[in-house]
Amino acid sequence: MQDLHILDRQDQMVPDTPHLTPTQMKVMRCVHSGLLNKQIAYELGMAEATVKVHMTALMRKLNVRNRTQVAIAASHFGWMRPALSRAAD
């Protein structure tokens, strides 16, 4: 069976599903929601420096350069549930 991969911006092969820790998943959900590091720290009960450590690890594992790309990768891998849309009245 052939392994599935995606290409990053530099056309390098990237494994399709990186392993993230539970805390990295929580941080990623907060980033996906648009929270700043300080807000994430408050929300998760940790120091802002700890959030930065998790962000660095996330960016390294996802092979991205910024938090916007982290949020996009979260959606790409299906880790974030789509927002519920309201029915038209």
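Structure first, text after, so check above.
What counts as what
- Residues numbered from 1 in each chain as written.
- Predicted model: local features only at pLDDT ≥ 70, side-chain atom pairs only at ≥ 80, totals over all residues.
- Heavy atoms only, no water.
- Helix = DSSP H or I, 4+ residues; strand = E, 2+ residues; numbered from the N terminus.
- Buried < 20%, exposed > 50% of the residue type's maximum accessible area, 1.4 Å probe, protein only.
- Contact = heavy atoms within 4.5 Å.
- Areas by Shrake-Rupley, 256 points an atom, 1.4 Å probe, with all protein chains shown as cover.
- Core = buried A, V, L, I, M, F, W, Y, C linked by side-chain atoms within 4.5 Å.

A. Region of the structure containing the overall build of the protein chain. Within the protein chain one finds 4 helices and 2 strands. Moving toward the C terminus, one meets the helices and strands of the protein chain in the order β-β-α-α-α-α. Residues counted as buried form 30% of the 89 residues belonging to the protein chain. The long-range share in the protein chain, meaning contacts at least 24 apart out of those at least 6 apart in sequence, stands at 54%. Surface summary for the protein chain: the accessible area is close to 6,800 Å², and the carbon and sulfur share equals 53%.

B. Spatial organisation of the nonpolar core. Among the nonpolar cores identified, the biggest contains 20 residues, and M28, L58, L62, V70 and W79 are the most heavily contacted of them. Broken down by secondary-structure element, the contributors of at least two residues to this core are α1 (22-32), α2 (37-44), α3 (48-62) and α4 (67-76). Filtering out sequence-adjacent residues up to four positions away, L62 remains in contact with P18, M28, V70, A73, F77 and W79.

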